[in-house]
Amino acid sequence: MMKNPNRGFTEMHCMSGHSNFVSCVCIIPPSDLYPRGLIATGGNDHNICIFTVDNPAPLYVLKGHKNTVCSLSSGKFGTLLSGSWDTTAKVWLNDRCMMTLQGHTAAIWAVKILPEQGLMLTGSADKTIKLWKAGRCERIFTGHEDCVRGLAILSEMEFLSCANDASVRRWQISGKCLQVYYGHTNYIYSISVFPQCKDFVTTGEDRSLRIWKQGECAQTIRLPAQSVWCCCVLDNGDIVVGASDGIIRVFTESLERTASAEEIQAFENELSQASIDPKTGDLGDINADDLPGREHLKDPGTRDGQTRLIKDNGKVEAYQWSVSEGRWIKIGDVVGSSGATQQTSGKVLFEGKEYDYVFTIDVNESGPSYKLPYNITDDPWLTAYNFLQKNDLNPMFLDQVAKFIMDNTKGQTLLNTSPQFSDPFTGAGRYVPGSSSGSSTIPAADPFTGKLKELNGSANEEHKLTEDDLIILEKLLSATCNTSAETPTAQQLQTLWRAVNWPEDIVFPALDILRLSVRHPTVNENFCGEKDHVQFIILLLKFLNPNGKQANQLLALRALCNCFVSQAGQKLMMEQRDEIMTQAIEMKSTHNKNIHIALATLTLNYAVCLHKVNNIEGKAQCLSVISTVMEVVQDLEAIFRLLVALGTLISDDTSAVQLAKSLGVDSQIKKYASVSEPAKVKECCRFVLNLL
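Report follows, based on the coordinates. (Residues numbered from 1 in each chain as written. Predicted model: local features only at pLDDT ≥ 70, side-chain atom pairs only at ≥ 80, totals over all residues. Heavy atoms only, no water.)

A short note on the packing of helix α6 (residues 490–500) against helix α8 (residues 521–528)
- At a closest axis distance of 11 Å, the pairing of α6 and α8 adopts a crossing angle of 60°. Taken together, the axis directions place α6 and α8 in an arrangement best described as oblique. Of the two elements, α6 crosses α8, and the hand of that crossing is right-handed. On α8, the residues that touch L493, L496 and W497 of α6 are V523, N526 and F527. (Axes fitted to C-alpha atoms, helices over the stretch in contact; angles between N-to-C directions. Helix = DSSP H or I, 4+ residues; strand = E, 2+ residues; numbered from the N terminus. Parallel < 35°, antiparallel > 145°, perpendicular 65-115°, else oblique. Left-handed = near helix turned anticlockwise from the far one by under 90°. Contact = heavy atoms within 4.5 Å.)

What follows is the structure, given as structure tokens:
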């Protein structure tokens, strides 16, 4: 225990800014602007409040989540990651939302920013953990059998997770689960790592704080409260825990910081008066009639944290062995345990699974005790046999163990128990990007036609164009590509629309006419204007299918690039940016340099528009695309266009610079500063690095 408040911690401020309960707190490290750092809190009112250290009122409030914000993590360059019951995580920079991470199907209970730039983790009630890179889901970690509640970072390559399945898992960033740790008998809510090593602490719904060293549970500290909600290891190695009795307790190994004898006695008294409900299964199966009396406490325990139950004057009491003090310490009275067996107390958790019973079997007095989980539907002999095999015990005990199981489960029938505690969370939550108008950019054009007539011959009857239709499309091409005074007609546009709806294997000549003609203001207004724009975008996005034909992918991307030429097209592209970019980025996996160049051009066109309207969420999405595409693109023309897009996005915008750094874009592009040919790549790269 820690020293008393006057010698330990004193309250500096009571900060308030939420209209309902506060569910998470996080420190934002010091910066030039705030040399003492900031404090972020997430609340049930869906908001995040940011406080300075010396003011009880918020500096600002972050709004955007649609349900309780229950987890926060801070990163470099002022970034903050939040997780919410609305199933999304959001990345914030200063007072703005940069990106929304969507993909979990239930509440996000835990978030962490990893040391390597641009990498983030989210743990959810959907039982999965997701790794995000530059705002895109890179990997899903599966293995937990219930809600993931906590995450802790061990190194750039490893992290820990804890869950409602009562287990802790150690993972490699690459996706491999390295180890599973069992010890808790109920939900684990929180996990925290000791500085400079791989040891850690956990707290949960089984009234305990557990300290893990070298992969083993080295110490169990019981608390006089059922739920131990959170734990945190301080830089000096002390452990802070917050529990459902509203008290924060600090535990230390340091003798000079240890609390006084009176305070330790007061803590023990409080612990000894706690009521332990046998239904929770925290102490295993309890049958009061079989328990020994007080004399049982004369025998010393065999390991730290070992529990022993005794019966005294009809009351059942729980004790825990302390190795350091060489004595049994009372940890509470077991209530309602007069002859209660597991039949009255629902299920017990063991190694993350629920059982009707978990028996403790002592094979001999001096040796360790073993846990034997059992369900009423199991065969007692088979269970006994498996138990002996698993623990490498003498098969002679088979009769004895099977008889023990049968004696202790007499007349049991299956009970329908529903869990009493369920995590509240809701779904629903998507952000709709704002719209705006932007600038014009020069599209790339390289016409090729004539294929249309040839393919029209092989089209089936319902798609076949007449000779007149083909003449109409030729007129449309000459009207849009040459500077002839003719304006494209409604009939020409209707014919083109019929042609671009051809089957995928023959549509590409029609797409080619579309991407050339959409540069003409009349055609642009027709397809991108209010009336038909939804079908137009649906059509083009349909071709951006990673399994589709490359010719169609290329022409659809080029058509999207060319939409930016007129006002109507720009407005549509900005309104549909989220969907278009999400679909377009799937094209990165093709090994076609022309497709990569078209994808880079699309990103550049967006960067130009976003620079004019300064839409930070849009910029964040573009930066994420640039960072993701940079990793796979080889072609230097595509790289050049991505570098120009990057420079455009971050110029005159300190938030965008910070975000680019937090995504690690600067380290990604450094290698292009030494490219000799074409020289423009090197010059542009150096210019951008200068901005960063």
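A few points about the pairing of strand β21 (residues 228–233)
- Across five bridges, β21 lies against strand β22 (residues 239–243) in antiparallel orientation. Its bridge partner lying in β22, C230 is registered against G242.
- Connecting β21 to the antiparallel partner β22 that follows it, the hairpin turn spans five residues, and G237 within it adopts a positive phi of roughly 90°. (Pairing = 2+ DSSP bridges.)

Looking at the pairing of strand β26 (residues 315–322)
- For β26, the tally of buried residues reaches seven of eight residues, placing the bulk of the element in the interior.
- Pairing between β26 and strand β27 (residues 327–334): seven bridges, direction antiparallel. Each bridged residue has a counterpart across the sheet, and for Y319 the counterpart in β27 is K330. (Buried < 20%, exposed > 50% of the residue type's maximum accessible area, 1.4 Å probe, protein only.)

Some remarks on the sheet that holds strand β24 (residues 275–276)
- As summarised here, the arrangement of the four strands in space is β24-β27-β26-β25, forming an open sheet in which the pairing is mixed. This sheet does not close on itself; its edge strands, each paired only once, are β24 and β25 (307–312).

Considerations on the environment of K315
- Looking at where K315 falls in the secondary structure, it is placed in strand β26.
- Take K315: its relative accessible area is 45%, and that puts it in the partly exposed class.
- Residues K315 and V334, 19 residues apart in the sequence, show an inter-C-alpha distance of 7.7 Å.
- Setting aside residues no more than four positions away along its own chain, K315 makes contact with I310 and D333.

Here we look at the side chain of D635
- Tracing the chain through its elements places D635 in the loop between α14 (616–630) and α15 (636–650).
- Of the side chains bearing the opposite charge, K593 lies closest to the buried D635, which forms no salt bridge; the N-O distance is 4.0 Å.
- What D635 contacts, discounting residues up to four positions off in sequence, is K593 and I597. (Lys, Arg positive; Asp, Glu negative; His and termini not counted. Salt bridge = Lys/Arg side-chain N within 4 Å of Asp/Glu carboxyl O.)

Notes on unusual backbone geometry
- Despite not being glycine, H46 has its phi angle at roughly 75°, a positive value.
- If you trace the backbone, H46 turns up in the loop between β2 (38–43) and β3 (48–52).
- A residue is classified by how much of its surface remains accessible, and H46, at 30% relative accessible area, is partly exposed.

Considerations on helix α1 (residues 261–272)
- If you check α1, its first and last C-alpha atoms are 16 Å apart, about what twelve residues at 1.5 Å a residue would give, namely 16 Å.
- Buried within α1 we find F267, E268, L271 and S272. The arc that holds every buried residue of α1, seen down its axis, measures 135°, which confines them to one face.
- In this structure, the buried residues of α1 make contact with β20 (216–222), β23 (248–251) and β27. (Expected span 1.5 Å × (residues − 1). Arc of directions from axis to C-beta.)

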